[in-house]
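Each chain is listed here by its residues.
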Amino acid sequence: MSCNSAIYAANTMEQPLIATEATVVNFGSVVRRFGPALVLSGGNVSVNQRGFYSVDVNLCINIPAATSADITVQLYKDGAPIPGAYAKVTTAQTATFDQVTIPFIIREKCCCENSITCVVTSTEAGTIVNAAIEVVKI
């Protein structure tokens, strides 16, 4: 398989999660990138060429060990939920870190810029300690 655009971005700075509030994940800065179809803009990946794109999102979330929480992660393309790009995790009271990985494929029909956004909601306060995204034009 060959592609003409790819981007990998990561943010290892802690991002606070406030209980019951939706938090938009900031994917930080570009680690690797090539090709014209993908850019990082405002912490989100922007797609600006037609085609199919394979996306992998990986989050590491820390909830204090004394509590359990329901964590939901939903990905959006231009504000609309991406079908299947959703995860729900219930943390155990003994665990402090939960890893959430969501792979999916999107289709871009036009050459206008579209943004991929990740939103996390937790029933308890915590932090996102690592956020990474990889997008490859297939």
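Here the structure is a predicted model, which is why all the values come from computation and not from measurement.

Conventions and cut-offs
- Chains are numbered independently. Their residues run from 1 in the order of the written sequence.
- For a predicted model such as this one, the threshold for reporting local features is a pLDDT of at least 70, and the threshold for listing and counting side-chain atom pairs is 80 or more; totals across whole chains, interfaces and linings nevertheless cover every residue.
- Neither water nor hydrogens contribute to the side-chain values; these are computed over all heavy atoms in the structure.
- For the purposes of this section, nonpolar cores are sets of buried Ala, Val, Leu, Ile, Met, Phe, Trp, Tyr and Cys residues that join through side-chain atoms within 4.5 Å.
- Each residue gets one of three labels from its accessible area relative to the maximum for its type: buried under 20%, exposed over 50%, partly exposed in between, using a 1.4 Å probe on protein chains only.
- The way it works is that DSSP assigns letters per residue, a run of H or I at least four long becomes a helix, a run of E at least two long becomes a strand, and they are numbered from the N terminus.
- We call two residues in contact when some of their heavy atoms are within 4.5 Å.
- We define a salt bridge as a side-chain nitrogen of Lys or Arg found within 4 Å of a carboxyl oxygen belonging to Asp or Glu.
- Only when DSSP finds a minimum of two bridges between them are two strands counted as paired.

## Observations concerning the nonpolar core
Then comes step 1: Leu59 and Phe104 are the most contacted members of the largest nonpolar core, which totals 34 residues.
Then comes step 2: Looking at this core, the elements that each hand over two or more residues are β1 (6–11), β6 (44–47), β7 (51–62), β8 (70–77), β9 (80–90), β10 (97–108), β11 (114–122) and β12 (126–137).
Then comes step 3: Among the elements that make up this core, the one with the highest residue count is β7 (five residues).
Then comes step 4: With near-sequence residues (within four places) excluded, phenylalanine 104 lies in contact with Tyr53, Ser54, Val55, Val57, Leu75, Ile82, Ala85 and Ile116.

## Let's talk about the pattern of salt bridges
Then comes step 1: Enumeration according to the criterion identifies one salt bridge in this entry.
Then comes step 2: Lysine 77 is paired through a salt bridge with glutamate 108; the nearest N and O atoms lie 3.3 Å apart. With lysine 77 in strand β8 and glutamate 108 in strand β10, this pair connects stretches of sequence that are 31 residues apart.
Then comes step 3: Taking the relative accessible area as the measure of exposure, glutamate 108 reaches 3% and is therefore buried.

## What about the pairing of β9?
Then comes step 1: The pairing of β8 with β9 spans seven bridges and is antiparallel. By the bridge assignment for β9, lysine 77 is matched with alanine 80.
Then comes step 2: The hairpin formed by β8 and β9 contains two residues between the paired strands, and aspartate 78 there has a positive phi angle of roughly 50 degrees.

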